[in-house]
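Summary of structural features
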Amino acid sequence: ASTSLLQVGGEEVQLSVKLAGFRYMASHQLLETLIPAPGGASVRLGDVATLRERQVLNAVIRENQQYQRLVSYEFRGPTKLGDRVRDGVIKATALPPGYSIEERQSWNWEPEQQRQMYLITAVAILLVYMLTAALFESLRQPLCVLLTVPMALIGVFLLFFYTGASFTREAYVGVIMMSGIVVNNSILLVDRVNQLRRRHGLPLPEALERGALDRARPILMTSLTTILGLLPLVLFSPTADANIWNALTYALIGGLSSSTILVLTVTPALYLLFERRAAARSAAAANAHPAVS
């Protein structure tokens, strides 16, 4: 058999040419093969050898100077039950001397990948803080925005817990994507409160109440449209781990759901905690009168 590449219409096409019957061999013809003997004569292979069939590996795999044999399986059932079955089979397997069993899970992060993920997360948080600090002209208010991410993680953990889905590497990517999405709602809320305080001169409690009411409709609408757009990805899946995109979708839906509720309730309270002392100092300075000697 031979393989070559041909140019057809500017594209490379792989062409394979094989002889008929290349996968099979007539054993009786092989036994009739003549091989030279020490005296110069020829003898049949069947007279000096015995031919029989046996199963062999179609490929030999080596890693770290060790031969490997890969065994894969498909368990159609709950993931936790599948893990227990796998552990039971491994414990019941008797290995000859010199052999060992190593589990391989494709979704685990390598040390280098973990370092890259931590670096990406740190850079993303720093960029969000820098941009919101420049927008709000404050070092405290960006904390209200960043604390939206832990609020979203509550929904992520709850959704994975109740659906029984596996937290795979796609879920990690979904969490990073979700972190960049959920901060938008808190930015809209904080910016609206700042506008009411600076342009309309409203006191802090009234500005928080009116700002939350003004931004409740846009925040709910944008979050609901995103969640409804993601639902078809997991709505018709037979199991929680049926597809590779299920974990990513669960992370986005869970984070958006919890952050939408908590941004409208917890974020105004955080804003009040961060700005109450500053507002009190500003009010005291405005009411103070210079002393007359």
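Structure first, text after, so check above.
Residues numbered from 1 in each chain as written. Predicted model: local features only at pLDDT ≥ 70, side-chain atom pairs only at ≥ 80, totals over all residues. Heavy atoms only, no water.

**What to know about the packing of aromatic side chains**
Enumeration according to the criterion identifies four aromatic pairs in this entry. Look at Phe 167 and Tyr 172: their rings are 5.1 Å apart centre to centre, the planes differ by 85°, and that puts the pair in the edge-to-face class. For Phe 167, a relative accessible area of 26% puts it in the partly exposed group. Judged by its relative accessible area of 33%, Tyr 172 falls in the partly exposed class. Aromatic ring contacts, followed pair by pair, group Phe 160, Phe 167, Tyr 172 and Tyr 250 into a single cluster. (Phe/Tyr/Trp six-rings, centres within 6.5 Å; stacked < 30°, edge-to-face > 60°. Buried < 20%, exposed > 50% of the residue type's maximum accessible area, 1.4 Å probe, protein only.)

**Some points on the pattern of salt bridges**
Under the criterion given, the structure shown has nine salt bridges. The residue Arg 44 makes a salt bridge to Asp 47 at a minimum N-O spacing of 2.6 Å. Take Arg 44: its relative accessible area is 27%, and that puts it in the partly exposed class. With relative accessibility at 54%, the residue Asp 47 sits in the exposed group. Notably, a salt bridge pairs Glu 112 with Arg 115, separated by 2.6 Å at the nearest N-O pair. Placement of both Glu 112 and Arg 115 in helix H4 (residues 111-136) is noted, with a separation of three residues, approximately one turn of the helix. (Salt bridge = Lys/Arg side-chain N within 4 Å of Asp/Glu carboxyl O. Helix = DSSP H or I, 4+ residues; strand = E, 2+ residues; numbered from the N terminus.)

**Considerations on a nonpolar patch on the surface**
Nonpolar side chains collect at one region of the surface, where Leu 6, Val 8, Val 13, Leu 15 and Val 17 lie side by side and expose about 390 Å² of accessible area between them. Looking at the nonpolar patch, the elements with two or more residues in it are strand E1 (2-8) and strand E2 (11-17). Counting residues per element, the nonpolar patch draws most heavily on E2, which supplies three residues. You can see Leu 6 is positioned in strand E1. (Patch = residues over 30% accessible without salt bridge, like charges linked within 9 Å, V, L, I, M, F, W, Y side chains within 5 Å. Areas by Shrake-Rupley, 256 points an atom, 1.4 Å probe, with all protein chains shown as cover.)

**Thoughts on helix H6 (residues 148-163)**
The terminal C-alpha atoms of H6, which comprises 16 residues, lie 23 Å apart, in line with the 22 Å expected from a rise of 1.5 Å per residue. Immediately downstream of H6, the backbone of Gly 164 shows phi near 75°, a positive value. (Expected span 1.5 Å × (residues − 1).)

**So, unusual backbone geometry**
Phi angles above zero are rare outside glycine, and Glu 137 is one such case at about 55°. Among the structural elements, Glu 137 can be located in the loop between H4 and helix H5 (141-146).

**Focus on the nonpolar core**
By size, the foremost hydrophobic cluster in this structure holds 37 residues, and its most contacted members are Val 156, Phe 160, Met 178, Val 182, Val 193, Tyr 250 and Tyr 271. Secondary structure elements with two or more residues in this core: H5, H6, helix H7 (169-198), helix H8 (204-230), helix H10 (245-263) and helix H11 (266-287). Of the residues forming this core, the biggest block, nine residues, is contributed by H7. (Core = buried A, V, L, I, M, F, W, Y, C linked by side-chain atoms within 4.5 Å.)

**A look at the packing of H7 against H8**
For any two helices packed against each other, one specifies the crossing angle of their axes together with the interaxial distance. Put simply, H7 and H8 touch, their axes get as near as 8 Å, and they point 145° apart. The hand of the H7/H8 crossing is right-handed. Where H7 abuts H8, its residues Asn 185, Leu 188, Leu 189, Arg 192, Val 193, Leu 196 and Arg 197 lie against Leu 204, Ala 207, Leu 208, Arg 210, Gly 211, Ala 212, Asp 214, Arg 215, Ile 219, Thr 222 and Ser 223. Along the lines of polarity and charge, the residues of the contact of H7 with H8 split into nine nonpolar, four polar and five charged. (Axes fitted to C-alpha atoms, helices over the stretch in contact; angles between N-to-C directions. Left-handed = near helix turned anticlockwise from the far one by under 90°. Contact = heavy atoms within 4.5 Å. Nonpolar A, V, L, I, M, F, W, Y, C, P; charged D, E, K, R; others polar.)

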